[in-house]
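Observations on chain architecture
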Amino acid sequence: MTPDAKPTLTPKLRFPEFRDAPGWEEKQLGNEGEFLSSLTGKSGEDFGTGSSKFVTYMNVFSNAFVDPADLGAVDVKPGEKQNAIKMGDVLFTVSSETPEDVGMSSVLLDDLGDCYVNSFCALFRFHKRTAPNPIFTGFLLRQRIAREYFSRIAQGSTRFNLSKDSFKNLPLAIPSPPEQQRIADCLSSLDESIAAHGRKLDTLKAHKKGLMQQLFPREGETLPRFRFPEFQNAGDWEDRTLGDVADVLMCKRIFANETNAIRGVPFYKIGTLGGTPDAFISKELFDDYKSKYNFPRKGEILITCSGTVGKCLQYDGSEGYYQDSNIVWIDNPTLEVSNEFLLSILSNVNWRTLNSTTITRIYGPDLRSLAMKFPQNQKEQQLIADCLSSLDEVIAVQTQKLDALRTHKKGLMQQLFPSPDEVEA
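I will try to describe carefully the structure that is included in this document. This structure is a prediction, so every number in the text was calculated from the model and none was measured.

The rules behind the values
Residues numbered from 1 in each chain as written. Predicted model: local features only at pLDDT ≥ 70, side-chain atom pairs only at ≥ 80, totals over all residues. Heavy atoms only, no water. Helix = DSSP H or I, 4+ residues; strand = E, 2+ residues; numbered from the N terminus. Rg over C-alpha atoms; globule rule 2.2 N^0.38 Å. Contact = heavy atoms within 4.5 Å. Areas by Shrake-Rupley, 256 points an atom, 1.4 Å probe, with all protein chains shown as cover. Pairing = 2+ DSSP bridges. 1 Å grid on protein atoms, 1.4 Å probe; cavity = no way out; pocket = protein on both sides within 12 Å on 5 of 7 lines; lining within 4 Å. Points joined across faces, edges and corners; volume = space filled by probe spheres on them. Nonpolar A, V, L, I, M, F, W, Y, C, P; charged D, E, K, R; others polar. Axes fitted to C-alpha atoms, helices over the stretch in contact; angles between N-to-C directions. Parallel < 35°, antiparallel > 145°, perpendicular 65-115°, else oblique. Left-handed = near helix turned anticlockwise from the far one by under 90°. Phe/Tyr/Trp six-rings, centres within 6.5 Å; stacked < 30°, edge-to-face > 60°. Buried < 20%, exposed > 50% of the residue type's maximum accessible area, 1.4 Å probe, protein only. Core = buried A, V, L, I, M, F, W, Y, C linked by side-chain atoms within 4.5 Å. Disulfide = S-S within 2.5 Å.

It is worth spelling out the overall build of the protein at this point. A count of helical and extended segments in the protein gives 11 helices and 23 strands. At 28 Å, the protein has a C-alpha radius of gyration far larger than the 22 Å of a compact globule built from 425 residues. In terms of overall dimensions, the protein has C-alpha extents of about 80 × 55 × 45 Å along its principal axes. The contacts of the protein with a sequence gap of at least 6 include a subset with a gap of at least 24, amounting to 75%. Split by element, the accessible area of the protein, about 22,200 Å² in all, is 50% carbon and sulfur.

Listed below in structure tokens is the structure:
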């Protein structure tokens with residue numbers, strides 16, 4: 001590299017027309033524009049309601065691009081002489097509880113007129129003649145180079161902060177305008193697909209919620225609004241508590257020194273229930289405890305009662321042991337209410353309103369006192385459960401599609417943007 005040459009970066013993946021193009025030029029943010037003052041108020045409540053748009057900390061933190069639909073309206077007095085945000089401006093968060101979350105950015109893609117940002121954010125404006133594509137910028141500033149830089153220089157102990165001067169040295173790697181546009185178009189198209197799949201998932205969930213409101217009696221009623229034809233004259237539903245028809249049990253305690261991370265019978269905890277176990281117990285201990293103490297029957301409902309509360313699934317009969325108190329199951333020997341119907345009910349409980357304490361935990365009395373309505377005819381129970389289970393399968397498939405698209409985007413962005421260790425001489 002000659003003395004006057006600038007270092008460049010090259011991404012692992014480039015569109016065909018740019019594969020022989022020079023590497024991306026390294027720049028510093030402070031040389032590409034200037035920081036402007038923002039409003040002194042911290043929230044919309046610091047101003048009266050008016051016609052000016054107001055961008056909050058969470059608006060910036062949550063999205064790479066400012067969404068006008070999420071903005072509040074405030075009254076900004078002319079005498080305040082603050083800088084309105086313009087299309088293409090970049091907003092940065094300057095404070096966070098963790099160094100990994102400080103310096104999150106969001107780009108304004110619209111001309112919103114009188115639009116301001118609060119003082120928990122910094123406002124940066126690129127020089128007009130050299131401003132990069134704003135959509136490209138939005139994706140660029142959430143990449144590894146920026147995230148690692150901000151995390152490294154954030155100052156603080158209980159809350160981490162960035163000064164405006166620290167932003168100025170942010171390294172940027174910027175290709176030619178045509179390559180910027182190509183990347184922006186690609187990722188924007190992928191975002192549109194993700195958004196469309198997200199809307200479809202929301203529609204399916206809303207459909208299920210509406211269907212359940214029809215299939216189950218409302219408060220104070222004993223008959224649902226919709227009933228399958230063969231059960232139109234089947235009579236009122238029972239109005240009981242879960243404890244009236246079943247019990248809540250748990251496995252005998254397993255101590256840490258009785259587990260290992262390599263082999264044996266899977267020992268499931270809150271985070272691994274329904275997934276891959278990270279602990280095991282010996283087959284001898286499993287057989288001993290299963291024969292002497294409580295253990296779920298095949299089909300009974302397992303529930304997480306701490307941490308991520310209310311995760312429900314049916315025990316499939318395979319060998320596995322479950323962490324006491326954190327995972328319980330509904331002991332249902334009479335099957336007056338089928339396990340499948342119970343799953344439909346329990347999977348849709350708002351556990352936070354059920355909780356009898358301020359701690360995020362479900363206790364046995366909470367479950368036993370859970371009010372529930374059910375038809376006496378088990379064939380009707382099964383038909384309702386099958387209907388909702390079928391819809392759950394569609395929702396699960398749609399969720400998987402959405403997750404796959406998000407994973408694809410994450411991987412694609414890692415390829416389309418260079419990393420600091422990819423400097424060209």
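Still to come is the rest of the account.
On to the sheet that holds strand β7 (residues 95–96), then. Pairing is antiparallel across the open sheet formed by 3 strands, whose spatial order is β7-β12-β11. Looking at the sheet topology across the chains shown, the edges are occupied by β7 and β11 (155–156). By the bridge criterion, 2 bridges tie β7 to strand β12 (residues 160–161) in an arrangement that is antiparallel. Residue pairing for β12: Ser96 is matched across the bridge by Phe160.

Size it by volume and the largest pocket reaches roughly 1,200 Å³. Ala64, Phe139, Asp191, Ile194 and Lys409 are, among the 35 residues lining the largest pocket, the residues nearest its centre. When contributions to the lining of the largest pocket are tallied by element, the ones reaching two or more residues are α2 (134–140), α5 (177–215) and α11 (378–416). If one sorts the elements of the lining of the largest pocket by residue count, α5 sits on top with 8 residues. The residue makeup of the lining of the largest pocket, split by class, is 13 nonpolar, 8 polar and 14 charged. As a volume, the second largest pocket reaches approximately 800 Å³.

What follows covers the packing of helix α8 (residues 339–346) against α11. Here α8 crosses α11 at 50°, and the two axes come no closer than 8 Å. Looking at the two axes, α8 sits oblique to α11. Judged by the sense of rotation from one axis to the other, the crossing of α8 with α11 is left-handed. Touching Glu340, Phe341 and Ser344 of α8 are Gln381, Gln382, Ile384, Ala385 and Leu388, all from α11.

A full pass over the atoms with the stated rule returns 26 aromatic pairs. For the pair Phe65 and Phe139, a centre-to-centre distance of 5.2 Å together with 80° between the ring planes defines the contact as edge-to-face. Residue Phe65 is located in the loop between α1 (57–62) and β5 (72–75), and its partner Phe139 is located in helix α2; the two are separated by 74 residues in the primary sequence. Accessibility classification places Phe65 together with Phe139 in one group, the buried group. Here the aromatic rings of Phe295 and Tyr315 are separated by 5.6 Å at their centres, their planes lie at 90°, and the arrangement is edge-to-face.

Phe92 and Phe417 are the most contacted members of the largest nonpolar core, which has 79 residues in total. For this core, the element with the highest residue contribution is α5, accounting for 10 residues. The next biggest cluster of nonpolar side chains, apart from the first, holds 19 residues, and it includes Cys251, Tyr268, Leu302 and Tyr322.

A positive phi angle, close to 70°, is found at Ser325, a residue other than glycine. As for its position among the elements, Ser325 is in the loop between β20 (321–322) and β21 (327–331). Residue Ser325 is classed as partly exposed on the basis of its relative accessible area of 25%. Not every positive phi belongs to a glycine, and Leu335 is a case in point at roughly 55°. Within the element layout of this structure, Leu335 appears in the loop between β21 and α8. Taking the relative accessible area as the measure of exposure, Leu335 reaches 37% and is therefore partly exposed.

Moving on, we come to the sheet that holds strand β6 (residues 90–93). Taken in spatial order, the 4 strands of this open sheet run β3-β10-β6-β8, and their pairing is antiparallel. Each of the sheet's edge strands pairs with one partner strand only, and the pair in question is β3 (33–36) and β8 (105–107). Pairwise comparison of adjacent strand axes, ignoring direction, gives a mean angle of 25° for this sheet. With 4 bridges connecting them, β6 and strand β10 (residues 121–126) associate as antiparallel partners. Of the residues in β10, the one forming a bridge with Val90 is Phe124.

Our focus in this paragraph is the environment of Tyr116. Position of Tyr116 relative to the elements: it lies in strand β9 (residues 115–117). Judged by its relative accessible area of 10%, Tyr116 is buried. Taking the C-alpha atoms as reference points, Tyr116 and Ala73, 43 residues apart in sequence, are found 9.9 Å from one another.

Residue position: Ile270 is located in the loop between β16 (265–268) and β17 (280–281). Here Ile270 falls in the buried class, since its relative accessible area comes to 18%. Residues within four places of Ile270 in sequence aside, it is in contact with Thr304, Ser306, Gly307, Thr308, Gln323, Asn326 and Ile327.

Looking now at the state of the cysteines. Evaluated as defined, the whole model comprises 0 disulfides. This cysteine, Cys121, is not joined by any disulfide, and Cys115 carries the nearest cysteine sulfur, 11 Å off.

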